[in-house]
Amino acid sequence: MTASVFFGCTFIAFGPAISLFLFTIARDPLRVIFLIAGAFFWLVSLLLSSLVWFIAVQISNKENASVQKGLLIFGVVLSVLLQETFRFGYYKLLKRANEGLMALSQEDAMPISIRQLAYVSGLGFGFMSGAFSVVNILADSLGPGTVGIHGDSQHYFVSSAFMTMAIILLHMFWGVVFFDACEKKRWWAVVIVVLSHLLVSCLSFLNPQYEGSLIPAYVVMCVMGMWAFSSAGGSLRNLKLCLTCRDKDFLLANHRPR
Amino acid sequence: MPWRFDAFEAYKFCAAVPSVHRRTIASVPRYFHTLVASRTTHLGTLTPLRLVTSAHRCPIASVPRCFNTLSASSLLNITFMNTSGSEEEFCNERTSLMTTESPPLSSYHVETGISSLEDTQTKARCPITNESNNREARHEGVSVERDSTADSEDEEMSLKYGAKHVIMLFVPVTLCMIVVIATIKSVSFYTEKGGQLIYTPFTEDTTSVGQRLLNSVLNTLIMISVIVVMTIFLVVLYKYRCYKFIHGWLILSSLMLLFWFSFMYLGEVFKTYNVAMDYPTLALVIWNFGAVGMVCIHWKGPLQLQQAYLIMISALMALVFIKYLPEWSAWVILGAISVYDLIAVLCPKGPLRMLVETAQERNEPIFPALIYSSAMIWMVGMTEHSAVQQPSHQETNSDEEVGQSHHDNTEDNRNMVVPETEVHGAQSRTTSAVELEEERGIKLGLGDFIFYSVLVGKASATASGDWNTTLACFVAILIGLCLTLLLLAIFKKALPALPISITFGLVFYFSTDNLVRPFMDNLAAHQFYI
């Protein structure tokens, strides 16, 4: 419960996301706007699910702990479904806006491609989701206190940070896969995305047995990462070329000498 | 560092009127508007011209409001309970220097169609005076065809530029909010109850909820009526050309803000961090801070320093509001001021609208009230008819902008400006050729900064949900700003900037605080993740 815990957990949770933002998004104003819009959509979905949960809690028996827990689980599932619905809604909105713009401008090239939008919106969802999950915890970690004094897990902060990082990256991967699946009308892929989101959230019910929740979450994250990579056009060959700095297209596009 | 002064000097030398700019600038305030496509206007207008005329459409809404609160407070600040006079944002009429440089993207106002403005310009052929405005107006009136065929190309570029301008507004608004939030969270002075402003005389320490609500509504009524009265007073002053009075007022207000409020702020920060500071050092620091601020804001100064000062004084102002407005009154006032903004800007007889129209008739920039202005690169291009290349003087905001050359968007019948011409003086900057899409500035009234920051600051000060609520309000305000600019592009008429952002902010504040917070707290307690 010191500054080191605070900084450590902050960088664990937000490090990859912030570096992604700084290196790929911050330079392009259009992407920043869509990122913030994605965050907003996630926020609205959370609002709706909280509203439903709140109403359910108000009309239920507040004394009964198991009922409350059940309602919370219901809230989680509902929230996941609403998030994915809003992701779909955002996709539809972006498609319509893009089409409108294209029709108006009579140009072939869109200012921002649907793949970039998928990445950016996924990251927006991830940022907001991660922020809402962990910022209060981080703020508490600055202050005085003892972790797990009542017998809870000692690893609360670190595990929260790792879980948040996984969630943020997962949202980004889900965004890419989701949009790609919607573009190609592969509804089974959309269903898989939703199911994997549900899986990761439901795995968190196993907390504080972090082995049960963190490790599978990371496994899912790696799988989704690979899927997102391949659906975005990546392949082993591309990866190799990129890593050995022999990717001509990329270098050319970025005006960098080999 | 290039100063604004250079821009002015350059302008004086740019006799030719590059058509380029006309389109550019013309489209600046309406960058989304395809109507604006003046890419192919043949006669040019001098960039500053356009900028100035655009400046006429500067954020009117913020001017009077800030002015009202300013005037009201400065008149009454001695009677405040705590010696901190509430210095409202003050309107400052910058010289044409300022206005020439950046076209205001008034988040409030963009006059209806460039065509209407054009007409005003063509009609108003003012004789040349020393006022750059008039000179510009004359040039301005020269040509005004819009070529709609270039609309399509404009559309995409407009989107990119639109996006850039939105970001140019996002950054300062975010910075201001961050300063306010950081202060609220660390310096406890601004969250302690320390009395109330004279405009909110009713206390909220009442026993019943109904009484408290009533008191806050009454406070709001008083505050809003003060603002309305001041707005009308300002319009009257402006109509009768009492410029000196207004100038004096503004200078007095900025003096108070830069010296007194920052002294208080510094004092509180030192108290919080237990820093020992002697008076001579403090006096030196405050004196330097204030003097440089006065110079930067009211005269000439490096752009970024000026922007920083404006952000700082907006933050200071917002902090004062956060401290002295009682809780419920603050929320009701925020709501009421958005409604007022809506009415004042959209109604035909609204004071703000009258102010704008008066300024347009006179072809003057309306008080560049304390207006935040961003980037100021503008380029002088070549006209169709003259083969002379005018030197361009740029003040780049960032190299990025300079480097952008949208060669693919070049006009066929347009000559590009060749960069690297140096203008008299050491402070020239070369710019890369190109066009139109250069950096044009955006102006946003400080009233907006202040009220956005008040909302976010109050959210972080009073919400029990802490950071989630603050984050939600922050995102809501940014999205509101984005939507406002989008609406501006779609409707192409004057729109107030506060309502959408403040509405979103309020909705998200109350819903996050009451609905989301318990949900997230429960989730965090069990470590469930959604």
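Residues numbered from 1 in each chain as written. Chains lettered and ligands numbered in written order. Predicted model: local features only at pLDDT ≥ 70, side-chain atom pairs only at ≥ 80, totals over all residues. Heavy atoms only, no water.

Asks: Any details on the UniProt feature "transmembrane region" (unreviewed entry) in chain A? Residues and values, ideally.
Replies: All names here are of chain A. Taking the numbering used here, the UniProt-annotated feature "transmembrane region" (unreviewed entry) corresponds to residues 6-25, 32-55, 67-86, 117-139, 159-179, 186-206 and 212-230. The distance from the first to the last C-alpha atom of residues 6-25 is 26 Å, and the span holds 100% helix and 0% strand. Strand forms 0% of residues 117-139 and helix 100%; the C-alpha atoms that close the span are 31 Å apart. (UniProt positions renumbered as here; feature names shortened; annotations may be inferred. Helix = DSSP H or I, 4+ residues; strand = E, 2+ residues; numbered from the N terminus.)

Asks: I'd love a proper account of a nonpolar patch on the surface, names of residues and values included.
Replies: Taken together, the side chains of Leu48, Leu51, Val52, Ile55, Ile59 and Phe74 of chain A define a hydrophobic patch exposed on the protein surface, amounting to about 520 Å² of accessible area. Structurally, Ile59 of chain A is set in the loop between helix H2 (29-58) and helix H3 (65-105). (Patch = residues over 30% accessible without salt bridge, like charges linked within 9 Å, V, L, I, M, F, W, Y side chains within 5 Å. Areas by Shrake-Rupley, 256 points an atom, 1.4 Å probe, with all protein chains shown as cover. Salt bridge = Lys/Arg side-chain N within 4 Å of Asp/Glu carboxyl O.)

Asks: Report on the nonpolar core, specifying residues and quantitative values.
Replies: With 170 residues, the main nonpolar core has Phe132 of chain A together with Phe170 and Tyr452 of chain B as its most contacted residues. In terms of residue count, helix H5 (residues 156-183) of chain A provides more of this core than any other element does, 18 residues in total. Excluding anything up to four places from it in sequence, Phe132 of chain A contacts Trp42, Leu43 and Leu46 of chain A together with Asn468, Leu471, Ala472, Thr512, Val516 and Met520 of chain B. Val235, Leu237, Ile246 and Leu250 of chain B belong to the second largest nonpolar core, which has 10 residues in total. (Core = buried A, V, L, I, M, F, W, Y, C linked by side-chain atoms within 4.5 Å. Buried < 20%, exposed > 50% of the residue type's maximum accessible area, 1.4 Å probe, protein only. Contact = heavy atoms within 4.5 Å.)

Asks: Which residues make up the confidence of the model for chain A, and what values do they have?
Replies: Per-chain confidence: chain A averages 89 in pLDDT, with 94% of residues scoring 70 or above. Averaged pLDDT values for the elements of chain A fall to 68 in helix H9 (residues 248-253) of chain A and rise to 95 in H2 of chain A. (pLDDT = per-residue confidence, 0-100.)

Asks: Describe in detail the packing of aromatic side chains, supporting the description with residues and values.
Replies: Applying the stated rule across the entire model yields 29 aromatic pairs over all chains. Relative to Phe127 of chain A, the ring of Phe21 of chain A has its centre 6.2 Å away and its plane inclined at 90 degrees; by these criteria the two rings are edge-to-face. Of this pair, Phe21 of chain A sits in helix H1 (residues 3-25) while Phe127 of chain A sits in helix H4 (residues 114-142); the two residues are 106 residues apart in sequence, bridging distant segments of the chain. Given the relative accessible area of 22%, Phe21 of chain A is considered partly exposed. Taking relative accessible area as the criterion, Phe127 of chain A reaches 18% and is therefore assigned buried. Taking 5.7 Å as the distance between ring centres and 55 degrees as the angle between the ring planes, the aromatic pair formed by Tyr238 of chain B and Tyr243 of chain B counts as tilted. Aromatic ring contacts, followed pair by pair, group Phe88, Tyr91, Phe178, Phe179 and Trp187 of chain A into a single cluster. The ring of Trp467 of chain B carries the charged tip of Lys185 of chain B above its face, separated from the ring centre by 4.8 Å. (Phe/Tyr/Trp six-rings, centres within 6.5 Å; stacked < 30°, edge-to-face > 60°. Lys NZ or Arg CZ within 6 Å of the ring centre and 35° of its normal.)

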